[in-house]
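Descriptive analysis of the structure
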Amino acid sequence: MLIAICGGIVFSLSVYSFITGENQVMPYIMFFFGALALVAGISELKEKRKTTAVISFLVSAFVLFVFIDTFNVFH
């Protein structure tokens, strides 16, 4: 359920940014994409797929780091 919510938010913000050409929503896209990867990693860990879970956690950590860095640039 959380994966679908985060995915929908990422998709809708990305489409909005693409159509309007506004890049100010990029930090929020990165935040929700990081949350999506984190929730996916937890889901994969529960299903005993440790390799995929670790990759999802690493992606989440990287994206959230980029979010923090990007948020400092835009604000």
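Now for a description of the structure that goes with this document. This one's a predicted model, so the numbers in the text were calculated from it and none came from an experiment. (Residues numbered from 1 in each chain as written. Predicted model: local features only at pLDDT ≥ 70, side-chain atom pairs only at ≥ 80, totals over all residues. Heavy atoms only, no water.)

1. Examining unusual backbone geometry
Positive phi is not limited to glycine here, since Lys-48 has a value of about 65 degrees. Within the secondary structure, Lys-48 sits in the loop between α2 (26-46) and α3 (50-74). (Helix = DSSP H or I, 4+ residues; strand = E, 2+ residues; numbered from the N terminus.)

2. Describing the packing of helix α1 (residues 2-20) against α2
Two numbers describe how α1 lies on α2: the axes approach to 9 Å, and their chain directions differ by 155 degrees. Judged by the angle between their axes, α1 and α2 are roughly antiparallel. Every pair of crossing elements has a handedness; the one defined by α1 and α2 is left-handed. Where α1 abuts α2, its residues Leu-2, Ile-3, Cys-6, Gly-7, Ile-9, Val-10, Leu-13, Ser-14 and Ser-17 lie against Tyr-28, Ile-29, Phe-32, Phe-33, Ala-35, Leu-36, Val-39, Ala-40 and Ser-43. (Axes fitted to C-alpha atoms, helices over the stretch in contact; angles between N-to-C directions. Parallel < 35°, antiparallel > 145°, perpendicular 65-115°, else oblique. Left-handed = near helix turned anticlockwise from the far one by under 90°. Contact = heavy atoms within 4.5 Å.)

3. Observations concerning the side chain of Ser-60
Among the secondary structure elements, Ser-60 is positioned in helix α3. On the accessibility criterion, Ser-60 (2% relative accessible area) is buried. Ignoring anything within four residues of it in the chain, the contact list for Ser-60 reads Gly-34, Ala-37 and Leu-38. (Buried < 20%, exposed > 50% of the residue type's maximum accessible area, 1.4 Å probe, protein only.)

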